[in-house]
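Coordinate analysis (summary)
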Amino acid sequence: MEEYKYLIPEESIDAIMNNVSTLRKIENDLRRVFVEHDYLEVLMPSFEYVDLYNALDSGIEEEKMFQYINFEGKRVALRTDFTIPLARLYSSQKEIGVKRYCYFGNVYRKEKRHKGRSSEFFQAGIELLGQAGFAGDIECLHIIQETLSYLGLKDIKIEMSSAKFYKRLCELVDDTSFVDILKKRDLSSMKILIDRKGIQSPLKDLLIQLPRCFGDIAMLNQMIMMIQDQQLKDALLELRDLYDKLEKKEFFSFDLAMTPSMKYYTGIIIKGYSPYSADTIINGGRYDKLMDHFHKVVPAIGFSYDLSHILKALEKEEENNA
Ligand SMILES: N[C@@H](Cc1c[nH]c[nH+]1)C(=O)O
């Protein structure tokens with residue numbers, strides 16, 4: 001027992017304890033930008049009904065939730081995600097219109113044992129609710145761009161793809177192993193899958209290219225020319241139109257093999273990377289169907305920074321430059 005007096009469980013964030021001043025500085029810089037753009041800060045509850053998460057289906061499985069049965073006999077979980085509770089908050093408001101929320105706090109998702117990864121994550125994010133199409137997408141991407149310099153990390157890359165493109169691919173390939181192959185960018189398994197399913201060109205050619213389909217606008221244009229399926233093409237054309245409308249483009253590139261981190265995404269998906277972090281430091285996307293569960297039609301988009309991963313990356317970057 002003695003040793004446990006000195007240890008923290010693997011689940012706990014360790015990157016933050018000694019880095020509080022850095023965390024607070026980044027947090028305050030982000031808060032200032034979010035507020036300048038009219039985002040209202042909200043403090044969300046730590047506990048939510050498991051049923052809410054299940055009904056709105058983020059894709060985070062129940063085994064990943066820290067849950068217990070409360071005095072009502074209902075299953076309650078520590079917050080696994082901010083977007084879902086904020087959708088509930090929005091849907092409970094009387095007036096429907098554009099709303100901008102920002103938030104700072106922990107989310108909890110159980111990691112597999114002995115992976116050396118904590119199960120609590122400190123997130124800072126925004127949700128733009130009621131704003132459809134490019135206007136919302138561009139607002140979010142510009143805020144990401146504006147806030148990047150406050151993270152203190154060099155060489156951050158923001159990659160974009162489309163949930164419509166991904167969903168259509170899944171429909172066409174129609175195989176349970178496909179997502180895993182995409183995640184691993186495993187070309188040899190992709191070829192085996194193509195043979196097993198008897199997939200013919202032009203889909204076959206696309207699937208073979210897919211694991212290496214990351215790059216700039218030239219790559220996207222090339223794929224648009226090559227793709228014949230109209231739904232896949234339209235999804236990429238939409239992405240290109242969005243990119244064309246961006247004022248500053250230097251941080252943004254594309255990754256067509258991207259798999260959405262959340263099931264609720266319906267349009268653009270965004271992931272941010274640092275060379276010093278194996279985990280993504282930004283996740284976001286458009287989610288126009290989430291509010292259907294509350295019988296409301298509300299287009300929405302948002303993103304969050306994972307500040308625990310950012311702090312870890314900062315430590316590594318410093319070590320590297322020492
Ligand atoms: N909630 C998402 C990020 C996000 C915010 N808004 C839209 N997506 C996550 O935790 O990964």
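Here the structure is a predicted model, which means the values were calculated and not measured.

Moving on: the pattern of salt bridges. A complete count under the given rule lists 21 salt bridges for this structure. Between Arg32 and Glu36 there is a salt bridge, and its shortest N-O distance comes to 3.9 Å. Of the two residues, Arg32 and Glu36 both sit in helix 1 (residues 20–36), 4 residues apart, roughly one turn of that helix. Across the pair Asp288 and Arg286 runs a salt bridge whose closest N-O atoms are separated by 2.7 Å. Residue Arg286 is classed as buried on the basis of its relative accessible area of 4%.

On to the pairing of strand 5 (residues 99–108), then. Where burial is concerned, most of strand 5 is hidden: 9 out of the 10 residues are buried. With 2 bridges connecting them, strand 1 (residues 40–41) and strand 5 associate as parallel partners. Paired with Glu41 across the two strands is Cys102, which belongs to strand 5. Sheet analysis places strand 5 next to strand 6 (residues 120–129), joined by 10 bridges and oriented antiparallel. Paired with Cys102 across the two strands is Ile126, which belongs to strand 6.

Sheets are built from strands that pair by backbone hydrogen bonding, the pairs being arranged parallel or antiparallel. Spatially, 9 strands are ordered 1-5-6-12-11-10-7-9-8 in an open sheet, and the strand pairing comes out mixed. Each edge of the open sheet carries a strand with a single partner, namely strand 1 and strand 8 (214–215). Bridge analysis of strand 7 (residues 157–162) against strand 9 (residues 252–255) gives 3 bridges, and the strand direction is parallel. When the bridges of strand 9 are listed, Glu159 appears paired with Ser253. Along the sheet, helix 1 contacts strand 1, strand 5, strand 6 and strand 12 (300–306); its crossing angle with strand 6, the most-contacted strand, is approximately 5°. Sheet strands in contact with helix 4 (residues 133–148) are strand 5, strand 6, strand 7, strand 9, strand 10 (268–273), strand 11 (282–286) and strand 12, and its direction is about 15° off that of strand 12.

In this structure's numbering, the residues bearing the UniProt feature "binding site: L-histidine" (unreviewed entry) are Asp81, Phe82, Thr83, Arg109, Gln123, Glu127, Tyr264 and Tyr265. Position of Asp81 among the secondary structure elements: in the loop between strand 4 (75–78) and helix 3 (83–91). Engagement of the side chain of Asp81 in a polar contact is seen with the backbone nitrogen of Thr83, the distance being 3.5 Å. Here Gln123 falls in the buried class, since its relative accessible area comes to 7%. Setting aside anything within four residues of it in sequence, one finds Gln123 in contact with Phe82, Tyr103, Phe104, Gly105, Val107, Arg109, Ser304 and Tyr305.

Tracing the backbone shows Glu27 in helix 1. Here the side chain of Glu27 touches Arg24 through a polar contact of 2.6 Å, side chain to side chain. Residues contacting Glu27, with those up to four places away along its chain left out, are Phe104 and Phe122.

What follows concerns the packing of helix 1 against helix 11 (residues 307–321). In contact at an axis separation of 11 Å, helix 1 and helix 11 are set at 125° when each is read in the N-to-C sense. It follows from the interaxial angle that helix 1 and helix 11 lie oblique. For the pair helix 1 and helix 11, the sense of crossing is right-handed. Two secondary-structure elements touch here, helix 1 through Thr22, Leu23, Ile26 and Leu30 and helix 11 through Leu307, Ile310, Leu311 and Leu314. Residue composition of the contact of helix 1 with helix 11, by class: 7 nonpolar, 1 polar and no charged.

Reading the values: rules and limits
- Position labels on residues start from 1 in each chain and follow its written sequence.
- Where totals are concerned, whole chains, interfaces and linings use all residues; where local detail is concerned, this predicted model gives features only for residues with pLDDT of at least 70, and gives and counts side-chain atom pairs only at 80 or more.
- Side-chain calculation: all heavy atoms of the structure are included, whereas hydrogens and water are not.
- Between Lys or Arg on one side and Asp or Glu on the other, a salt bridge is scored when a side-chain nitrogen of the former is within 4 Å of a carboxyl oxygen of the latter.
- For the purposes of this entry, the term helix denotes a DSSP run of H or I that reaches at least four residues, the term strand denotes a run of E that reaches at least two, and both are numbered from the N terminus.
- The buried label applies to any residue whose accessible area, calculated with a 1.4 Å probe on protein chains only, is under 20% of its type's maximum; exposed applies above 50%, and partly exposed to all values in between.
- In this scheme, strands are said to pair when DSSP sees at least two bridges between them.
- Between two residues, a contact is recorded if the distance between any of their heavy atoms is within 4.5 Å.
- Angles run from 0 to 180 degrees between N-to-C directions of axes, and those axes are lines fitted to C-alpha atoms, restricted for helices to the stretch in contact.
- UniProt positions are given in the numbering used here, feature names are shortened, and annotations may be inferred rather than shown by experiment.
- Here a polar contact means two N or O atoms within 3.5 Å. Within protein one must be a hydrogen donor candidate and the other an acceptor candidate, and residues neighboring in sequence count only if both atoms are side-chain atoms.
- In this scheme, roughly parallel covers angles under 35 degrees and roughly antiparallel covers those over 145, while 65 to 115 is roughly perpendicular and the rest are oblique.
- By the definition used in this description, the sense in which the near helix is turned from the far one sets the handedness, with an anticlockwise turn below a right angle giving left-handed and a clockwise turn giving right-handed.
- Just so you know the grouping, Ala, Val, Leu, Ile, Met, Phe, Trp, Tyr, Cys and Pro go in nonpolar, Asp, Glu, Lys and Arg go in charged, and all remaining residues, Gly too, go in polar.

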